[in-house]
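Read off the chains here:
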Amino acid sequence: MCQVFISADPTLYDSRARSVRLHGVATSIKLENLFWQVLDEIAQRDGMGVPQLCAKLYDELVAERGEVENFASFLRVSCGRYLALQLSGGIPQDASISIRSLNAQQVLATEGHRSLLARAA
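This report concerns the structure included in the present document.

Conventions adopted
Residues numbered from 1 in each chain as written. Predicted model: local features only at pLDDT ≥ 70, side-chain atom pairs only at ≥ 80, totals over all residues. Heavy atoms only, no water. Pairing = 2+ DSSP bridges. Helix = DSSP H or I, 4+ residues; strand = E, 2+ residues; numbered from the N terminus. Expected span 1.5 Å × (residues − 1). Buried < 20%, exposed > 50% of the residue type's maximum accessible area, 1.4 Å probe, protein only. Contact = heavy atoms within 4.5 Å. Phe/Tyr/Trp six-rings, centres within 6.5 Å; stacked < 30°, edge-to-face > 60°. Lys NZ or Arg CZ within 6 Å of the ring centre and 35° of its normal. Core = buried A, V, L, I, M, F, W, Y, C linked by side-chain atoms within 4.5 Å.

So, the pairing of strand 1 (residues 15-22)
Okay, so step 1: Judged from the eight bridges that link them, strand 1 and strand 2 (residues 25-32) form a sheet pairing that is antiparallel. Bridging across to strand 2, arginine 21 finds its partner in alanine 26.
Okay, so step 2: Counting the residues in the hairpin turn of strand 1 and strand 2 gives two residues, including histidine 23, whose phi is positive at 55 degrees.

Here is the structure:
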């Protein structure tokens, strides 16, 4: 089992910081390269760069929840959910289909369906 995970390219778990502007303030976010790659894929799907995506996610999160406690953790979880939603069929694997063009309720319904199946197993 462990060989599947330990054989990963070490550059994937190297971390690096990137500077982004959140609510007009320049800040640094440190994530592992794997997460930066996933964020880049998500951003490209909607014609954005990673800094633009991070700013958009941050603004929407603040609008929905108020204060953001740990934005880097939120980004990691968002990457995991993106990949899980691709596996569940909620987000098409075809990267030419933008995320914003998808019906959020339908996407989230696939996530709930998968959770129900996992609990039944």
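Some words on helix 4 (residues 50-65)
Okay, so step 1: The first and last C-alpha atoms of helix 4 sit 22 Å apart over 16 residues, in line with the 22 Å expected at 1.5 Å per residue.
Okay, so step 2: Within the span of helix 4, buried status applies to Val50, Leu53, Cys54, Ala55, Tyr58 and Leu61.
Okay, so step 3: Buried-residue contacts for helix 4 involve strand 1, helix 3 (33-45) and helix 5 (71-88).
Okay, so step 4: Of the residues trailing helix 4, glycine 66 is marked for its positive phi of about 90 degrees.

Structural notes on helix 3
Okay, so step 1: Relative to the 18 Å expected for 13 residues at 1.5 Å per residue, helix 3 spans 19 Å between its end C-alpha atoms, a close match to the ideal helical length.
Okay, so step 2: For helix 3, every residue scored as buried is listed here: Asn33, Trp36, Val38, Leu39, Ile42, Ala43 and Arg45.
Okay, so step 3: Contact partners of the buried residues in helix 3: helix 2 (10-13), strand 1, strand 2, helix 4 and helix 5.
Okay, so step 4: Positive backbone phi, at 70 degrees, marks glycine 47, one or two positions downstream of helix 3.

Topic: the environment of tyrosine 13
Okay, so step 1: With respect to the helices and strands, the residue tyrosine 13 is situated in helix 2.
Okay, so step 2: Setting aside its immediate chain neighbours within four residues, tyrosine 13 contacts Ala8 and Glu32.

Topic: the packing of aromatic side chains
Okay, so step 1: Applying the stated criterion across every chain yields a total of two aromatic pairs.
Okay, so step 2: Ring geometry for phenylalanine 71 versus phenylalanine 74: centroids 5.8 Å apart, planes at 20 degrees, classification stacked. Taken together, the residues phenylalanine 71 and phenylalanine 74, both in helix 5 and three residues apart, mark about one turn of the helix.
Okay, so step 3: On the basis of relative accessibility, which here comes to 25%, the residue phenylalanine 74 falls in the partly exposed class.
Okay, so step 4: The ring of tryptophan 36 has arginine 18 lying over it, and the distance from NZ or CZ to the ring centre is 5.1 Å.

Comments concerning the nonpolar core
Okay, so step 1: Within the largest apolar cluster, 25 residues are counted, with the highest numbers of intra-cluster contacts made by Ile29, Leu31, Trp36, Leu39, Cys54, Phe71 and Leu75.
Okay, so step 2: When residues of this core are traced back to their parent elements, those giving at least two are strand 1, strand 2, helix 3, helix 4 and helix 5.
Okay, so step 3: Here phenylalanine 71 is in contact with Leu22, Ile29, Cys54, Leu57, Tyr58 and Leu61, once residues within four sequence places are set aside.

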